[in-house]
Each structure stands twice: as structure tokens, then as C-alpha cells.
Amino acid sequence: MGLGKTLAIKGLTLIAVLIGVLLFTVLIIGASGLSDRVLSSIMNEELRGIRQRLATQIRDPEELNRAIEGIRQDLIKAYGLDKPWYARIPGMVLRIITLDLGSAREVQTFTGSNKVSDIILERIPNTILLMTSALIINFAIGLFFGPRIALKHGTRIDRAVSLYSAVSYALPTWWLGMLMILFFSFQLRILPFGGMYSAPPPEDPFMRFLDLLWHVLLPLATLVLALSGSWIYITRSIVLSVSQEDFVNVARVKGLPEGLVRRRYIVRVAAPPILTNVMLGLAGSIAGAILTEIVFDWPGMGTLYYKAVMSVDESLILALTYVFTLIYVLARFVLEVLYVVLDPRVRL
Amino acid sequence: MSSSIRESFSEFWASNISKLGIVFLTVLVVVSIYTVTTLPLDFGVKYWYNPTYWVDYPKAAQPEWVNLFLSEKLMKHVELSTTKATGIKPYDDRFIKYYNVSYNHEYSQFPKFITLKISNLVFYDRNSPPIVRFYVTRPDGRTVELYTLAIETPSDNTTPPFKYFSTEPKRILLSGDMYLARSLVGFLYREFNLSLGTSSVLEVGNERIVFGRISGNNTFTPLTGKYVFSIVLVCRNVNDYVGMIDVVLGGYVYGLMGTDVLGRDLSQGLLFGFPVALIIGVGTSLLTTVIGAGLGIVGGYVGGFVDDVIQRFADIVNNIPLLPLLILLSFIFGGRLWLIILVLVFFNWPSLAIIVRSMVLSAKTSQFIEAAVAIGASRLRIMVKHIFPQVAPFILAQMIFFTPYAILAEAALSFLGLGDVSMPTWGQILEYGFKNGAVFLGYWWWILPPGLFIVYSAITFVFIALGMEPVVNPRLRRWR
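Not measured: the values here are computed from a predicted model.

### Examining the pattern of salt bridges
All names here are of chain B.
Piece 1. Tallying each qualifying case throughout the model produces 17 salt bridges over all chains.
Piece 2. Here R171 and E168 are joined by a salt bridge, their closest N and O atoms 3.7 Å apart.
Piece 3. Because the salt bridges share partners, they merge into one network encompassing D56, E79, K117, E168 and R171.

Following this line, the structure appears as C-alpha cells:
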């Protein structure tokens, strides 16, 4: 199979994933009757407002009812409630694929816009700030300790790290977050309970930055504490399995210097799988820390999605699901390309 | 075959971490069995999510054992009950039955509240129902009249014996009770020559006056010593009786695990979390493994179109960001345990199927499979008898390693308020705590244990999986 063809198949699969997830979400929301229920309740709410306004102008109750009925029919058409839910699907999917994300009902940006794209653009940097910096720190820790421990396989340090990573695999990050708040914010009163800035945020840009640092410290520490164990362990395992390969032994037996063996024979081969983890972690982290964001009241994509689901904001749910999947799928594709660059065996 | 299993097991048992895992697992299973046999299966609906069941419990009380670390002990929650009359005396044309309970107060706090409960009052004379009077005699010898309960005349269409409060006990909350406040006004004036109005009595708090001595201007400090609560039943018929009388003194510490803001005994909810976590963890991982491994083996061995379909589908599902969809699905279909399990299975079998398939592909080329084909063994026989044993250890390890994932996923969903509302789980207890500000109020006993149990049950399987690593991946053995 040619390289182009491999990538093309992968790309097509990922596009299928994207559209599949979108269709699946729409189907779920539509088929469960959720969409109809929510739309008609929005419409009735709007209708009630109109009735109140009209009641001051039209005195005759019968005439008022007739006028309202007319408006109701118009609204039903406007909301597409005259057609079954599946008739609304193509339009909805098409709009979202072209990134025309519509507007949210309750959630707003700080400037007051309720356009979904504005809201997402406002939230994404917050999530990236928290999650990506946590990921980078964890990755650095993993990369620093993992290979060193792999070379000391079986020693006490190695076993301690294995235990730490086992604990961190079993430890819910969000619960650790609650403990951290309980200890540092409630007991010691030295760190804020949550949020991203104090209320009101400081005016001075530098103070504002310090305020942000003060707020990001606890969630960041939580994420590093809870997840670095797995990172070290994954890196360790990958490096360990590579360093047990025969070609590494051959290199050593040949008498190559240890540094060279590590650089050329171990790290070079171990890099692609480690990179896979980083990329997937990066992509997953955009949506992945919903719970941590909730615990720390961090105004990111996770809390946004939670709010969207809880208030059944159809367009927001769809848009966010799409964006999450899009980011994930893009990361996967970049990964495939990188793999080809890094691992010559794939090119065969 | 059996000797290789024995060998694998001794390999597994050799490491300390697997021993620890097995010990943990045993505890997990034993506690789950204990819970299922002692608590009713509808515990969630009937008790946990039924606030009236918990009204007599202290709200947000710490566990009792905190007293071990405190120099000033916190008052334990007390429920004094009696079923037998301690004495009977004729009085004019009536009888008086005494029910006494005593309590030794030795704390420097007042009770949080005082509640009286009467269950199962039975009497025979339609025209003169009994009267129930409550008194308390304090350590200083003074007696306070707490309450008088007059029983309504029964309706005409009933026949004796008349039974009152048999399904639901009559509950009298004395703190804030007007009758007691008035009685206390008289008590203070008579005994201490202190004039306080009912409103100032209520402001101080009934329970503080009943359990207090005057220590200054309208301030009371707890009076320690023996309190005797006597309940007096004035009745016409000598056979009239009260089934049970309870005096509840609200405390500051309760039980092994404390209570939440509704007064729910956390130890019971936490206990119920054990079997639920076990079912979710084992159920999900079992189903996921059976489906994932089955489809992986079939796809890998049969190949062709079947394989293509399975792999394409697995590829697609495997590329979906899981958590957002999981949240959406649980929100729409409502929290039901089996649904949560099914959703977790649906999203997680593909990764196993992909790996198992690649292992089967390499196993397929080995000579003994060729030999089996040559003899004329059927595909099914080859898959079950020859391919499956090759990948079985790996599958088993994957299954065990997936179990904590399922436990954690359910806890996360529960924490988002999307769990099964018919039974308490650790995630739900945490969710309710977080929503009620347990973290911000410092209710550590509400936050710590559920999370610790989640970690405990998850780490049990992580340990076992770690112990299995050298068995599944023999290359690791020589390093030990």
C-alpha cells in the first residue's frame, strides 16, 4: 500500500468519525424527543411574552386568541416544529460542518454575545492555559524520569514509581482537586477556592497576571500530582520494551558508547509511541478535564459543555461535540503524518 | 496445560503487589457480600433517598472517633428508648403508667435538638383516650415539664383496641416548641426567680434551658450529670399502653462515618457503594472483554469482509472523544446502572478488538494451527481450542486492567449528577457533598471516605493487573 493511499484511508476514516459523531449526536437528541420538547418549550416561552405584549394592545380576548394562534403557526414553522425531527437533521448537520454554529440560549460571553462561536473562542484559551500547561509539565516529568527509571528496572526507585503510577491511575483527579481545595483553601486559607480571577479582577495587567497565577496554581498542581505518575510509567514502559530489543543488545555488544546507544537506538525508536501519547493527551485534554474544571470552577470548555448539557442547549451541545471531535480527529491525523516522518518502517 | 496454569499462578503470586491486590480484592468481595446480605436491596429508594427516614439523625455530624483527638469531647448523638413501663399507680378512677429513661450528660455542649417520639399507642376506652406527659428531672433535682400530648377521640366507625402511631411514630420536636417555651418561662421564674418572656426563651433555645444552668445574664452553660426523662401515661383502662418511647438528643458526632446535611448516616451509604462498584467494574470489564476479544479473534482469524467491517467500525468508535458523549448519553437516557454499563462497553470494546486481532494474526501463522487445519478441524474449534488459549492471558490482564477504568468512569458520571438514582454510590455521595458546599465548609468526613473507597476499589485491580504483567509478558521475568 502506498503512503498516499494509507494516509488517504486514514483521513477518510477520520472524516467518517467526524460526521458519524455529529449524526449520532443529532439522532440521539432528536430520536429521544429531547429536541422537540426543548424547542416547543422555548417557543411557548416566546409566545407567552408576545401574548403579554399584545394583551395591552388588543382588548377583545377572542381577537387576541386569533392573533396569538396566527403567530403560533408562524413560530412552529420558524422553529421547524411542523416537520418531524429527522427533517431538521440535514440542515443542522450542514450548518455545523460549515462552522455556522448558531447561538446559545443561556450561556453568554463576558461581553454579552451569545453566539456559540464567540463563546467557544472565549473559553478555549482558558482550557488550553490550564490543560496544556499541565500536559507539558507532566510530559516533561515523564520524559525526564521515565527513561532514567527504565534503565534502573527492578530497583527500589523503580518499584516506588510503579506504585506511585498505580495510585495515580486509580486516583480520580477531580476528587484530588476537592482534597486540595479542602486543604489549601479551607484549612490553610492560602489559595482561592476556584475561578480564574478574583472578583473584581485587578486592573493593572501585571497584578492581573499574578492573580491568574494564584488561581491556576491549585488546579495545575492537582493535574500534575494526579497524572504525572501515569506519564512516568508510560514513558518507562516504552523505553523499557525498546531497550530489551535485540538490536539494542547488539549495539551494546558492538561496544558503542552508552550515550550513543541511548540516543540512537533507544530514544529514536521510543519516540513515536511517546509522541502518540502526547498528541492524544493534547487532543483529549481539550474536552477531557470536564470534572476538574467543574471542581475548580474554571471557565473552560469542560464547564461550558456541562452547562450546555444541563440546560439542554441543543445548538451548544452539538457545536461543542463537533469541536471536541474535530480537534481530536485533527490531532489523530497530524499523528499519522508525524508517524510517517518519525518511523521509517511505516513507509514500507 | 494445568501445569502451565500452576506455573503462571506461582509467577503471579511471587510478587508482593499481587498478594496485596488479592488481599484487597478479598476485602472488597467480603464487604460487598456483607452489604448485600444485611442492607435491603431497595435501600436506595426506601431509605437513602427518603429524607423523612433521616429526620431524627443529626445533620452534618462528624464521626464519633474524632473525639479521640479532641481534648474537649463533642457530644455523641443519643437515642434513648424504652418499651416497658417502669411503674404503675392508681390515681382516682384512672391509672398512671411510668416510662423512664435516663441519660448522663458529660459534654460541654448542649444537645443540638431534642425530639420525642411515641410509637404504637394502644387504648381501649373510646370516651377517655389517655394523656401522655413528658417530664425531665435534671441533675440538680429540678423537674421541667416538657410536653403534654392529648390524644384525639377515635372516630365512631372504629372498634377497640384503638391503635395510634403504629405506622409512623408521633414526632415532637421540642427545640422551638411553643408549649415547652411557656413551661420554661414558669420553670425559670419558679426555680430561679428569673423573668424571661417566651420569645427570649425561644431566642436562647429550649434545649439550652432544659440542659443548662444560669451562668450570667440570660446565658446558660451545660449542666452535666444524670437526666431522667419520665413519660407518664394517664389512662382509664389498665391495659392501655405505649409500644415505644424515644428521646432523641441531637449530637455533634455520629457513628463511624458521620452524617451529611440531610442527616443520612454516611457509613450506610458508603457500605452500599461496595457492591455497586464491584458490579460496575466487573460487569463492564467482563462484557467489554467478551465482545472485544470475541470480535478480535473472529476478525483476525476469519479475515476478509467480516474483518474489514469490524475493524472499520472499531476504528471509528476508537476515534471518538469519549467523555462528552458519555455525558450526553447518560443525561438523555437518565442514570440507570445497566445503561451506564452498556455505554461504557460500547465505547471501549474496539481498542481491545484491535489489539487482539493483531495478536491473532500472528498466532494464525504458527504451525500447529496449520496442522489443525490440515486435520480438518472446524474454524470454530480452531478459534476456541487453539487461538483463544494463545491470547487468553493477555485478554485476562486487559480485563483486570479495564476494571478500575469502569469504576472511575461511573464515579465521574455520578459526580456529574448522572448516576443511577435508585442506589447510592460513592460518586453520588461526593456529588451531593460538593453541591452542598462540603468542600467550602470543611466537612472533610463527607469528602474523604468516598474518594478513598473509589481509589481503594480501583487500585485493587491495578495491583492485580501489575502482578499479572510478568505472566503475560514473559520478557519481564528475567529482570526480576
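### Observations concerning the packing of aromatic side chains
Piece 1. By the definition in use, this model includes 43 aromatic pairs over all chains.
Piece 2. On the numbers, 5.0 Å between centres and 85° between planes, the contact of F144 of chain A with F145 of chain A is edge-to-face.
Piece 3. Ring pairs connect the aromatic residues F43, Y47, W48, Y53, W54, Y57, Y254 and F272 of chain B, which therefore count as one cluster.
Piece 4. Taking NZ or CZ as reference, R264 of chain B lies 4.9 Å from the ring centre of Y432 of chain B, over its face.
Piece 5. When the ring centre of Y301 of chain B is taken as reference, the NZ or CZ atom of K364 of chain B above it lies at 5.8 Å.

### Structural notes on the interface of chain B and chain A
Piece 1. Residue-level contacts link 50 residues of chain B with 51 residues of chain A.
Piece 2. Buried surface at the junction of chain B and chain A, both sides included, amounts to about 4,600 Å², of which 79% is carbon and sulfur.
Piece 3. Connecting chain B to chain A are 0 salt bridges.
Piece 4. Here chain B and chain A share 4 residue pairs in polar contact (both at pLDDT 80 or more) between them.
Piece 5. Counting residues per element, the ones that place at least two in the side of chain B that touches chain A are α8 (304-318), α9 (322-333), α12 (379-415), α13 (426-435), α14 (438-441) and α15 (444-472) of chain B.
Piece 6. When residues in the side of chain B that touches chain A are grouped by element, the largest group, 13 residues, is from α15 of chain B.

### Focus: the side chain of D313 of chain A
Piece 1. Tracing the sequence through the fold places D313 of chain A in the loop between α12 (301-310) and α13 (314-342).
Piece 2. D313 of chain A has contacts with A104, R105, E106 and A308 of chain A, leaving out every residue within four places of it along the chain.

### Some remarks on the nonpolar core
Piece 1. Counting residues in each nonpolar core, the largest one holds 133 residues, and the members touching the most others are I120, W174, M178, Y305 and L320 of chain A together with I327 and F347 of chain B.
Piece 2. When near neighbours in sequence (up to four residues on either side) are disregarded, W174 of chain A contacts L291, T292 and V295 of chain A together with A411, A412, F415, L430 and I454 of chain B.
Piece 3. Listed in part, the 47 residues of the second largest apolar core include F123, L184, L196 and Y227 of chain B.

### Some words on the sheet that holds strand β11 (residues 225-235) of chain B
Residue and element names in this part refer to chain B.
Piece 1. Ordered in space as β2-β3-β11-β5-β6, the 5 strands form an open sheet in which the pairing is antiparallel. One side of each edge strand has no neighbouring strand; the edge strands of this open sheet are β2 (87-91) and β6 (143-150). The average angle at which neighbouring strand axes cross in this sheet is 20°, direction not considered.
Piece 2. Direction of pairing for strand β3 (residues 94-105) relative to β11: antiparallel, over a ladder of 11 bridges. Paired with F95 across the bridge in β11 is C235.

### Brief notes about α12 of chain A
Piece 1. Within α12 of chain A, 8 of the 10 residues are buried, which leaves the element mostly enclosed by the surrounding structure.
Piece 2. Among the residues of α12 of chain A, M301, G302, T303, L304, Y305, Y306, A308 and V309 of chain A are the ones counted as buried.

### What about the pairing of strand β5 (residues 131-137) of chain B?
Side chains on a regular strand alternate between the two faces of the sheet.
Residues and elements named next belong to chain B.
Piece 1. Alternating residues of β5 divide into V132, F134 and V136, all buried, and I131, R133, Y135 and T137, none buried.
Piece 2. Where β5 meets β6, 7 bridges bridge the pair, whose relative direction is antiparallel. When the sheet's bridge partners are listed, T137 is paired in β6 with T143.
Piece 3. Count of turn residues in the β5/β6 antiparallel hairpin: 5 residues, of which G141 carries a positive phi of about 85°.
Piece 4. Taken together, the 7 bridges between β5 and β11 define a ladder with antiparallel strand orientation. Bridging from a neighbouring strand, R133 pairs with V232 of β11.

### Some words on the pairing of strand β9 (residues 212-216) of chain B
All names here are of chain B.
Piece 1. By the bridge criterion, 4 bridges tie β9 to strand β10 (residues 219-222) in an arrangement that is antiparallel. Across the sheet, G216 pairs through a bridge with T219, a residue of β10.
Piece 2. The turn joining β9 and β10, which pair antiparallel and follow one another in sequence, is formed by 2 residues; a positive phi near 60° is taken by N218.

### Some thoughts on the confidence of the model for chain B
One rule of thumb: low pLDDT means the predicted coordinates there are not for detailed reading.
Piece 1. Across chain B, the average pLDDT comes to 88, with 98% of residues at or above 70.
Piece 2. For this predicted complex, the interface score ipTM comes out at 0.86, while the overall pTM is 0.87.

### Here we look at the packing of helix α1 (residues 3-31) of chain A against α13 of chain A
All names here are of chain A.
Piece 1. One way to put it is that α1 packs onto α13 with a least axis distance of 10 Å and a crossing angle of 165°. When the axis of α1 is compared with that of α13, the two are roughly antiparallel. Helix-helix and strand crossings are classified by hand; for α1 and α13 the assignment is right-handed.
Piece 2. Class assignment for the residues of the contact of α1 with α13 results in 17 nonpolar, 4 polar and 4 charged.

Rules of the game
- Residues numbered from 1 in each chain as written.
- Chains lettered and ligands numbered in written order.
- Predicted model: local features only at pLDDT ≥ 70, side-chain atom pairs only at ≥ 80, totals over all residues.
- Heavy atoms only, no water.
- Salt bridge = Lys/Arg side-chain N within 4 Å of Asp/Glu carboxyl O.
- Phe/Tyr/Trp six-rings, centres within 6.5 Å; stacked < 30°, edge-to-face > 60°.
- Lys NZ or Arg CZ within 6 Å of the ring centre and 35° of its normal.
- Contact = heavy atoms within 4.5 Å.
- Buried area = accessible area lost by both parts, 1.4 Å probe.
- Polar contact = N/O pair within 3.5 Å; in protein donor to acceptor, adjacent residues only side chain to side chain.
- Helix = DSSP H or I, 4+ residues; strand = E, 2+ residues; numbered from the N terminus.
- Core = buried A, V, L, I, M, F, W, Y, C linked by side-chain atoms within 4.5 Å.
- Buried < 20%, exposed > 50% of the residue type's maximum accessible area, 1.4 Å probe, protein only.
- Pairing = 2+ DSSP bridges.
- Axes fitted to C-alpha atoms, helices over the stretch in contact; angles between N-to-C directions.
- pLDDT = per-residue confidence, 0-100.
- Parallel < 35°, antiparallel > 145°, perpendicular 65-115°, else oblique.
- Left-handed = near helix turned anticlockwise from the far one by under 90°.
- Nonpolar A, V, L, I, M, F, W, Y, C, P; charged D, E, K, R; others polar.

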